[in-house]
Amino acid sequence: MEIIHFSLSLLLFLLTSTATLAQTPAPGPPGPTNITKILEKAGQFTTLIRLFQITQVGDQINTQLNNSNQGLTLFAPTDNAFSALQAGTLNSLSDQQKVALVQFHILPTFLSMSQFQTVSNPLRTQAGDSAAGEFPLNVTTANNQVNISTGVDDATVANSIYTDGQLAVYQVDKVLLPLKLFGTPSPAAAPAPAATKATKKKSGADDSPVAGGDSPADSSGAVGRAMHVGVGIIAMLAITFNL
């Protein structure tokens, strides 16, 4: 009798468990990657999040990650890093320059910490040209530490915030300032010396001791005209007085 009672209890338990499992929904696929939520969860990235929203770069990152297999690497400056900038630095930038500044913190490929040891400098960022004077970004490693140089300032990767094989987010202790926007302009070229004005050769009249004096040819002509007038006057007098 006890065996029958035990068997019935076991059967009832199995039936109840099966019904419960059937009612429990299977876990759905993970939600789409959202860079803003990743930074919010990490904390201390309020300024970077605001820049992502103003420039709409955050939406571009999410769209790229969720609609392609292309990886990305983000260097995320903390709020303290932004606070260390000279007052008015961000406000002095145009909207287009703010976009370039944010994109300068993004590499168009996924890089793990170990891969920084083998990359070729300069790295190309989403800001564009990595040529000298534009948006070059150089990375060096020493004792498992990753250092970043922009040509304007140097930063250090503090730690890894997030990685999933497609997106890597690394905290950096400084805002990465690109040469294109913050580099010291090359000294202005010295003005060319004024061309020496050619000295006009003086004419014979200019060399004359008295400026504006008649030349010998002009003097001969004047004497001739005077004699002609004198002869005319004498002829008129002779006619008048019946000489």
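Placed above this text is the structure.
Computed from a predicted model, the values in this text were never measured in an experiment.

A. The environment of L111, seen in detail. For L111, the location among the structural elements is in the loop between β2 (106-107) and β3 (138-142). Assessed through its relative accessible area of 9%, L111 is described here as buried. Separated by 37 residues in the primary sequence, L111 and L74 place their C-alpha atoms 9.4 Å from one another. Contact partners of L111, with chain neighbours within four places excluded, come to T73, F116, V119, A168 and Y170.

B. Highlighting unusual backbone geometry. Residue P122 is bonded to the preceding N121 through a cis peptide linkage, with omega at -5°. Along the polypeptide, P122 turns up in the loop between β2 and β3. Positive phi outside glycine occurs at Q56, with the angle close to 65°. Secondary-structure assignment places Q56 in the loop between α3 (46-55) and α4 (57-67). One non-glycine residue with positive phi stands out, namely N143, at about 55°. Within the fold, N143 resides in the loop between β3 and β4 (145-149). On the basis of relative accessibility, which here comes to 79%, the residue N143 falls in the exposed class.

C. Representation of the packing of aromatic side chains within the structure. Inspection of every chain in the model, using the stated rule, returns 4 aromatic pairs. When the centroid spacing of 6.4 Å and the interplanar angle of 35° are considered together, the rings of F75 and Y170 count as tilted. In this pair, F75 is assigned in strand β1 (residues 72-77) and Y170 in strand β6 (residues 167-172), connecting sequence segments 95 residues apart. The burial state of F75 is the same as that of Y170; both residues are buried. On the basis of an interplanar angle of 65° and a centroid distance of 5.5 Å, the ring pair of F116 and Y170 is categorised as edge-to-face. Here F116, found in the loop between β2 and β3, pairs with Y170, found in strand β6; they are 54 residues apart in sequence, far enough to count as distant.

D. Spatial organisation of the pattern of salt bridges. One pass over the structure, following the stated rule, counts 1 salt bridge. In this structure, E134 and K180 form a salt bridge, with 3.5 Å as the shortest nitrogen-oxygen distance. Of this pair, E134 sits in the loop between β2 and β3 while K180 is found in helix α7 (residues 179-182), placing the two residues 46 residues apart along the sequence. Looking at E134, the relative accessible area reads 22%, which means it is partly exposed. Using a relative accessible area of 45% as the deciding quantity, one classes K180 as partly exposed.

E. Representation of the sheet that holds β4 in the model. Ordered by their spatial adjacency, 6 strands build an open sheet running β2-β1-β6-β5-β4-β3, and the pairing between neighbours is mixed. Edge positions in the sheet fall to β2 and β3, since each has one partner strand and no second. Examined bridge by bridge, β1 and β2 share 2 bridges and lie antiparallel to one another. Pairing of L74 across the sheet is with I106, part of β2. Contacting β1, β5 (154-163) and β6, helix α2 (residues 35-42) crosses the sheet at an angle of about 40° to β6.

F. Here's a closer look at the packing of α2 against α3. Relative to each other, α2 and α3 sit at 165°, their axes nearing to 10 Å. Classed by the angle they form, the pair α2 and α3 counts as roughly antiparallel. In terms of crossing hand, the pair formed by α2 and α3 is left-handed. Along its contact with α2, which presents I35, T36, L39 and E40, the element α3 presents L48, I49 and F52. Class assignment for the residues of the contact of α2 with α3 results in 5 nonpolar, 1 polar and 1 charged.

G. Fine view of α2. For α2, the full list of buried residues reads I35, T36, I38 and L39. Along the long axis of α2, the arc covered by the buried residues comes to 160°, so they all point the same way. Away from its buried face by more than 90 degrees, α2 exposes K37, E40 and K41. Buried positions along α2 lie against α3, α4, β1, β5 and β6.

Definitions and cut-offs
Residues numbered from 1 in each chain as written. Predicted model: local features only at pLDDT ≥ 70, side-chain atom pairs only at ≥ 80, totals over all residues. Heavy atoms only, no water. Helix = DSSP H or I, 4+ residues; strand = E, 2+ residues; numbered from the N terminus. Buried < 20%, exposed > 50% of the residue type's maximum accessible area, 1.4 Å probe, protein only. Contact = heavy atoms within 4.5 Å. Phe/Tyr/Trp six-rings, centres within 6.5 Å; stacked < 30°, edge-to-face > 60°. Salt bridge = Lys/Arg side-chain N within 4 Å of Asp/Glu carboxyl O. Pairing = 2+ DSSP bridges. Axes fitted to C-alpha atoms, helices over the stretch in contact; angles between N-to-C directions. Parallel < 35°, antiparallel > 145°, perpendicular 65-115°, else oblique. Left-handed = near helix turned anticlockwise from the far one by under 90°. Nonpolar A, V, L, I, M, F, W, Y, C, P; charged D, E, K, R; others polar. Arc of directions from axis to C-beta.

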